[in-house]
Amino acid sequence: MEKNLKLFLEKTYNTVLEGNKEEAVRLAREALRSGYDPYLVIDKGLVRGVQELGKLWEEGSCFLPELVLGAETVKTGISILQKRILKDKSIKRSLPKIIIGTIEGDIHDIGKMLVATMLSANGFEVIDLGVDVKAEVFVKMTEKHRPRFLCISSLLTTTMQNEVKVIEGLRKTGLRGKIKVMVGGAPASQEWAKEIGADFYGENAISAVRITQKESGYEKKGG
Amino acid sequence: MFKLVKGIRIKIECKEVARLLGHSPECGEIKKSSKKLIREMVKTSSGLIEPEGVFTIKSSRGLKAKCLFESSEKVAFCICTIGKRLENEVRKLSERGEPGKAVILDAIGSVAAELTAEYVDQVIKETALKKGFYGSTRFSPGYGGWGLEMQKLFFELLPAKRIGVSLNESFMMKPRKSVSFAVNLNNKPFRDKRTPCEICGFKRCRFKKVNNSV
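Given the structure is predicted, the values throughout are model-derived calculations rather than measurements.

Draft legend 1. Fine view of the packing of helix α1 (residues 3-18) of chain A against helix α2 (residues 21-34) of chain A. Residue and element names in this part refer to chain A. Running from N to C, α1 and α2 point in directions that differ by 155°, and their axes come no closer than 10 Å. Considering their axes alone, α1 and α2 lie roughly antiparallel with respect to each other. The interaxial crossing formed by α1 with α2 has left-handed handedness. Mapping the contact onto sequence places F8, K11, T12 and T15 in α1 and E23, A24, R26, L27, E30 and A31 in α2. In terms of residue class, the contact of α1 with α2 is made up of 4 nonpolar, 2 polar and 4 charged.

Draft legend 2. View of the sheet that holds strand β1 (residues 97-102) of chain A. Residue and element names in this part refer to chain A. Here 5 strands make up an open sheet; going across it, the order is β2-β1-β3-β4-β5 and the pairing parallel. Whereas interior strands pair on both sides, the edge strands pair on one side only; in this sheet they are β2 (125-128) and β5 (200-202). On average, adjacent strands in this sheet sit at an angle of 25° to one another, irrespective of strand direction. One ladder, built from 5 bridges, connects β1 with strand β3 (residues 149-153); its direction is parallel. Paired with I100 across the bridge in β3 is C151. Seen against the sheet, helix α5 (residues 110-121) touches β1, β2 and β3 and runs at an angle of roughly 170° to β1. Against the sheet, helix α6 (residues 135-145) contacts β1, β2 and β3, and its axis sits at roughly 165° relative to β1.

Draft legend 3. Summary view of the pattern of salt bridges. All names here are of chain A. Throughout the structure, instances matching the rule amount to 25 salt bridges over all chains. Here D199 and R176 are joined by a salt bridge, their closest N and O atoms 2.7 Å apart. Of this pair, D199 sits in the loop between α8 (190-196) and β5 while R176 sits in the loop between α7 (162-172) and β4 (180-184); the two residues are 23 residues apart in sequence, bridging distant segments of the chain. With relative accessibility at 13%, the residue R176 sits in the buried group.

Draft legend 4. Structural detail: the sheet that holds strand β7 (residues 178-186) of chain B. Residues and elements named next belong to chain B. If you trace the 5 strands from one edge of the open sheet to the other, you get β1-β2-β3-β7-β4, paired in antiparallel fashion. Looking at the sheet topology across the chains shown, the edges are occupied by β1 (3-5) and β4 (134-135). When strand β3 (residues 74-81) meets β7, the two strands line up antiparallel, connected through 8 bridges. Bridge pairing in β7 links T81 to S178. Contacting β1, β2 (52-59), β3, β4 and β7, helix α5 (residues 99-130) crosses the sheet at an angle of about 25° to β7.

Draft legend 5. Just the side chain of S136(B), in detail. Positionally, S136(B) belongs in the loop between β4 and α6 (151-157). Sequence-distant contacts of S136(B), defined by excluding residues within four places in its chain, comprise K125(B), V183(B), N184(B) and F190(B).

Draft legend 6. Local environment of the confidence of the model for chain B. All names here are of chain B. Averaged over chain B, the pLDDT score is 87; the fraction of residues at 70 or greater is 86%. For chain B, per-element mean pLDDT is lowest for helix α3 (residues 66-69), which scores 65, and highest for β1, which scores 97. Model confidence for the complex: the whole-complex pTM is 0.84, and ipTM, which rates the interface, is 0.78.

Draft legend 7. Examining the interface of chain B and chain A more closely. Contact with chain B, which involves 33 residues of that partner, is made by 26 residues of chain A. A buried area of about 2300 Å², summed over both sides, lies between chain B and chain A, and 65% of it is on carbon and sulfur atoms. Summed over the shared surface of chain B and chain A, the number is 0 salt bridges. The interface formed by chain B and chain A holds 7 residue pairs in polar contact (both at pLDDT 80 or more) in total. Where the side of chain B that touches chain A is concerned, the elements lending two or more residues are α2 (32-45), α4 (85-95), α5 and β6 (173-174) of chain B.

Draft legend 8. Structural view of the packing of aromatic side chains. The full count for this structure, using the stated rule, is 2 aromatic pairs over all chains. Taken together, a centroid distance of 5.0 Å and an interplanar angle of 50° make the contact between F8(A) and Y36(A) tilted. Here Y36(A) lies in the loop between α2 and α3 (38-59) and F8(A) lies in helix α1, a separation of 28 residues in the sequence. The ring of Y13(A) has R48(A) sitting right over it, with the charged end atom 4.0 Å from the ring centre. One cation-aromatic arrangement involves R138(B) over F181(B); the distance from NZ or CZ to the ring centre is 5.5 Å.

Reading the values: rules and limits
- Residues numbered from 1 in each chain as written.
- Chains lettered and ligands numbered in written order.
- Predicted model: local features only at pLDDT ≥ 70, side-chain atom pairs only at ≥ 80, totals over all residues.
- Heavy atoms only, no water.
- Axes fitted to C-alpha atoms, helices over the stretch in contact; angles between N-to-C directions.
- Helix = DSSP H or I, 4+ residues; strand = E, 2+ residues; numbered from the N terminus.
- Parallel < 35°, antiparallel > 145°, perpendicular 65-115°, else oblique.
- Left-handed = near helix turned anticlockwise from the far one by under 90°.
- Contact = heavy atoms within 4.5 Å.
- Nonpolar A, V, L, I, M, F, W, Y, C, P; charged D, E, K, R; others polar.
- Pairing = 2+ DSSP bridges.
- Salt bridge = Lys/Arg side-chain N within 4 Å of Asp/Glu carboxyl O.
- Buried < 20%, exposed > 50% of the residue type's maximum accessible area, 1.4 Å probe, protein only.
- pLDDT = per-residue confidence, 0-100.
- Buried area = accessible area lost by both parts, 1.4 Å probe.
- Polar contact = N/O pair within 3.5 Å; in protein donor to acceptor, adjacent residues only side chain to side chain.
- Phe/Tyr/Trp six-rings, centres within 6.5 Å; stacked < 30°, edge-to-face > 60°.
- Lys NZ or Arg CZ within 6 Å of the ring centre and 35° of its normal.

The following block contains the structure:
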């Protein structure tokens, strides 16, 4: 890797750690002007930065808003680089698609929004269905978008029961074997995921990213 | 009979917002940019918080969940809220692609709801004391083994609509930044002076308030 590019990627990485969105815009434009591979800038600069923040957050040495601002910085940078990616078919790479939503009866949004933000900052295409989402809608949208993962959030013991309906709906429509289902939220657990027939339990936004990356093989490509 | 509590004044401390956002001494000093953003959002929140509450005091005889009320003569039931304006703004920020601000404002809402509950709890205790009753630590449905379905009791006993609060089929209150709680009242002071955090059995809660915390 040439020295200038290496320095540039390091600068991009640090910009994410600082959560500096304005600088991310400037650097993304500079990357396009300099002809750098946008995927390289995303993977080795932006995403590497947010991964480091995620690691620090898990260790307890980074503060939640700093992690979120870092993710926002990545998304800002990606949105500029993506314009070039979409124009040039030769460098197109399909990003794994994820559908996420909070289950019917539950209007908690923040936790789900954080997971969605971290997933998209890590290069996934995220379709956020919002809150209070009926099981039929989860199934219908899965049928329509054919995502790699379906993430269901619930913050209440009373609403997590509705997650069972989603799994049943996926089975009935023959979609269950085609996607991976992850559940998350305060009352969920590994045992709960197993009990209802989900594939994974995502303890927090970072573990959700780790699981989806590992399962989609994106971890290796993304570095 | 019930009592409406309006005109509640609360002061949001940035330190408490940071604590609720998971800041601990291990995180080190909060970055200047984060501090600035928290301050900015606290300022924004002042026009979005409308704290109010409603409470009633009932004889504990005949109340459901006897195990919780049997040691008391009377029980105060309360619902309080900060209104829906703050959470509407959180949603707008989230939709505008500003999750950082949304997360901070949401935490401010939680701090405000808790301060509102503390304020009304104090009003209840002062009201009860005038009649010779002492109050216990407040406790809420969904915590400490008290099922969320007990929310129904609060909504049967209180005119929650008067403060704009409703309950959905999952026993979740709308607006989200609302708190319901009960206080046991007795003619002798309660011995257990522990705070709700000290009583709660959720050991790995990262928001647990312990001595010497921020």
